[in-house]
Amino acid sequence: MNTESTDFLIIGSGVAGLRAAIELAPFGKVLVVTKDRPSECSTEYAQGGIAAVISDEDTVGIHLEDTLKAGDGLCREEAVRTLVEEGTDRIMELIEWGAEFDREGMKLALTLEAAHSRRRILHAHGDSTGKELERALLQKVLTLKSVRKYPFAITVDLIVNNGECHGAYVLKDSELTALFAKATILATGGAGQLYSRTTNPLVATGDGMAIAFRAGAQLEDMEFIQFHPTSLYSPTAPQFLLSESMRGEGAVLLNTSKQRFMAGYHPKEELAPRDVVSRAIISEMVKTNSRHVYLDLRHLEKDFLKQRFPQIYATCLRYDVDITEDLIPVSPAAHYIMGGVRTNLDGETNIPGLYAAGEVACTGVHGANRLASNSLLEGLVYGARAGSAAGRTSVVPSGKTERKAAPSSIPNSDEIKKNLRRVMWEKVGIIRCAESLGKARSVLSGYDAVVRKEYALRHELELKNMLTVARIITEAADRRRGSVGAHYRSDCKERGAQWQEHISLDRESFYPY
Ligand code: SIN
């Protein structure tokens, strides 16, 4: 096994990882490890935008209130306050580094999304906001000599000695390398690939959550999965997000009988919170015995739609759907996980030397349901905070390691992955109950032997991580006997007695392997 040392190791290169790298650059050598090319991350695919207090009609207090309300009583108020107070500065800094947001005249253009009481969503190139953020951050990183990228290297596990994190074992070109570092920041993104319907890219396999769990970190709020109401539904097209900002600009939902239905579910209709809209869609799909509903923009001005949503327009057209003329078949899809590796406001986990930021982390800003467009903001604010705290770490990495190369293989990995994704969608999805969760647990536990082994190929390591995270989500969903935010139990529709308690799982309290 090779060994290499750096001062700081960042795993993941989306908005949180890159922002952390920029913050860490003055403190020493920074290595940014990614399992794919650096821009292949959820940030790159984020369409709608990034929320921040920009308009004169908005205030930090109103953004705070909207976020707390969406989080349905389970946000950590201090974490939200930090997010909204520091958010605007982080965005202005990004603009100084070259990020180009859309403008109306000289002013930044702001749109509306569900559960925001003010127009505060910045966007870039219409519907390619994440891509623009990633471009600007990568460009800034290029100017920093102390930051080096280390692509196509999957992290196998963290190096933990005497309860401290001293770096990570990574696999690149079939070679295992121990990368030692004073501080390690997990910024690996989410776990949408655990579900058969998802808006997330293929890389979102919950790796950071699984490796942190194996190392002894606490995972919190894992039962809270946000399902985006409108992902393109077509047997011949890939799953593709149709941004909520389309509803913000006036798009409406119709069932397959071509009737609007949201008024029957929530006074805010199409701009109701995401979980309400997703459940309403599922209910209409059941009523009409259909696999989708429709998003309708035909009443909006054609040129406006082409210019406001150029990427969505072009992608849908490729699959014979003209969003200016046709009804768009849509159905919900797993989009974001509110839970993750528990951290404080500086990204510190319960393991000294290990930090987490972005979707992989649970700072508590999202509570039980994330306010739309707060996640890129979280990546910027908490990526910077984790970077700044990691720069001050006093952990001294030791060169000791006993890891061996891993020879096992999973012969039927494609089939296991398909079963896992189906069972998560059907039994641990938008609507859950004790019976469905029990079924999921029994299917997933059948694969425990797979999780106990070690592997040397990316797809096998990903599958092991997916199985681990799936078990944790199922357990947390079972333990929360009540419905709060995005977690909806058909067998306990009320909040339940201990609804304000957060569910934290670690190897000590829940270790199925
Ligand atoms: C969207 O564009 O609808 C996604 C925005 C988000 O999830 O924050």
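In the block above lies the structure referred to throughout.
Residues numbered from 1 in each chain as written. Predicted model: local features only at pLDDT ≥ 70, side-chain atom pairs only at ≥ 80, totals over all residues. Heavy atoms only, no water.

Caption draft 1: Structural detail: the overall build of the chain. Within the chain, the secondary structure is distributed over 15 helices and 22 strands. Taken against the 2.2 N^0.38 rule, which gives 24 Å for 513 residues, the C-alpha radius of gyration of the chain at 22 Å falls within 12% of a compact globule. Across its three principal directions, the C-alpha atoms of the chain cover 65 × 55 × 45 Å. Each of the 513 residues in the chain was classed as buried or not, and the buried ones make up 65%. Put simply, the chain shows about 19,400 Å² of open surface, and 48% of that area lies on carbon and sulfur atoms. (Helix = DSSP H or I, 4+ residues; strand = E, 2+ residues; numbered from the N terminus. Rg over C-alpha atoms; globule rule 2.2 N^0.38 Å. Buried < 20%, exposed > 50% of the residue type's maximum accessible area, 1.4 Å probe, protein only. Areas by Shrake-Rupley, 256 points an atom, 1.4 Å probe, with all protein chains shown as cover.)

Caption draft 2: The sheet that holds strand β4 (residues 50–51), seen in detail. Strand order in the open sheet formed by three strands is β4-β8-β7, and the pairing between neighbours is antiparallel. Strands at the two margins of the open sheet, each flanked by one partner only, are β4 and β7 (110–111). By the bridge criterion, two bridges tie β4 to strand β8 (residues 121–122) in an arrangement that is antiparallel. When the sheet's bridge partners are listed, A51 is paired in β8 with I121. (Pairing = 2+ DSSP bridges.)

Caption draft 3: Summary view of the site of the ligand. Around the ligand, the neighbouring residues are G48, E113, H228, L241, S243, E244, R274, H335, R370, A372 and S373. R370 is positioned such that a nitrogen or oxygen atom in its side chain is 2.7 Å from an oxygen atom of the ligand. The protein chains hide 94% of the 260 Å² of surface that the ligand would expose on its own. Among the residues forming the shell around the ligand, the class breakdown is two nonpolar, five polar and four charged. (Near = heavy atom within 4 Å. Polar contact = N/O pair within 3.5 Å; in protein donor to acceptor, adjacent residues only side chain to side chain. Nonpolar A, V, L, I, M, F, W, Y, C, P; charged D, E, K, R; others polar.)

Caption draft 4: Local environment of the side chain of E460. Considering the arrangement of structural elements, one finds E460 in helix α15 (residues 458–479). An unpaired buried charge is present at E460: no salt bridge exists, and K453, the closest side chain of opposite charge, is 10 Å distant. A polar contact is formed between the side chain of E460 and the backbone nitrogen of I410, at a distance of 2.9 Å. Non-local contacts of E460, meaning those with residues more than four positions away in its chain, are made with S408, S409, I410 and Y455. (Lys, Arg positive; Asp, Glu negative; His and termini not counted. Salt bridge = Lys/Arg side-chain N within 4 Å of Asp/Glu carboxyl O. Contact = heavy atoms within 4.5 Å.)

Caption draft 5: Here's a closer look at the pattern of salt bridges. For the structure on display, the rule yields 38 salt bridges. In this structure, the salt-bridge partner of D36 is R458, at a minimum N-O distance of 3.0 Å. You can see D36 sitting in the loop between β3 (30–33) and α2 (42–45) and its partner R458 sitting in helix α15, a full 422 residues away along the chain. Among the residues examined, R458 registers a relative accessible area of 28% and is labelled partly exposed. Between E93 and R90 there is a salt bridge; the shortest N-O distance is 2.9 Å. Here E93 and its partner R90 are both found in helix α4 (residues 77–96), three residues apart, which amounts to about one turn of the helix. A single burial state applies to E93 and to R90, both of which are buried. Salt bridges here are not isolated pairs; linked through shared partners, they connect K35, D36, D207, R458 and E462.

Caption draft 6: Highlighting the packing of helix α3 (residues 60–70) against α4. The geometry of α3 relative to α4 is characterised by a closest axis approach of 9 Å and an angle of 135 degrees between their N-to-C directions. The angle between α3 and α4 falls in the class oblique. Both α3 and α4 take part in a crossing whose hand is right-handed. When α3 is examined against α4, the residues V60, H63, L64, T67 and L68 are found in contact with a partner set consisting of E77, V80, R81, V84 and E85. Class assignment for the residues of the contact of α3 with α4 results in five nonpolar, two polar and three charged. (Axes fitted to C-alpha atoms, helices over the stretch in contact; angles between N-to-C directions. Parallel < 35°, antiparallel > 145°, perpendicular 65-115°, else oblique. Left-handed = near helix turned anticlockwise from the far one by under 90°.)

Caption draft 7: Highlighting the pairing of strand β15 (residues 225–232). The buried count for β15 comes to eight of eight residues, which makes it a mostly enclosed element. Pairing of β15 with strand β18 (residues 328–337), which is carried by six bridges, proceeds in the antiparallel orientation. Residue F227 lies in a different strand from β18, and its bridge partner there is A334.

Caption draft 8: Fine view of helix α10 (residues 310–318). Of the residues making up α10, those classed as buried are I312, Y313, T315 and C316. Contacts from the buried residues of α10 go to α7 (244–248) and α9 (302–308). In the stretch just after α10, D320 is the one whose phi turns positive, near 65 degrees.

So yeah, pure geometry; function would need other evidence.
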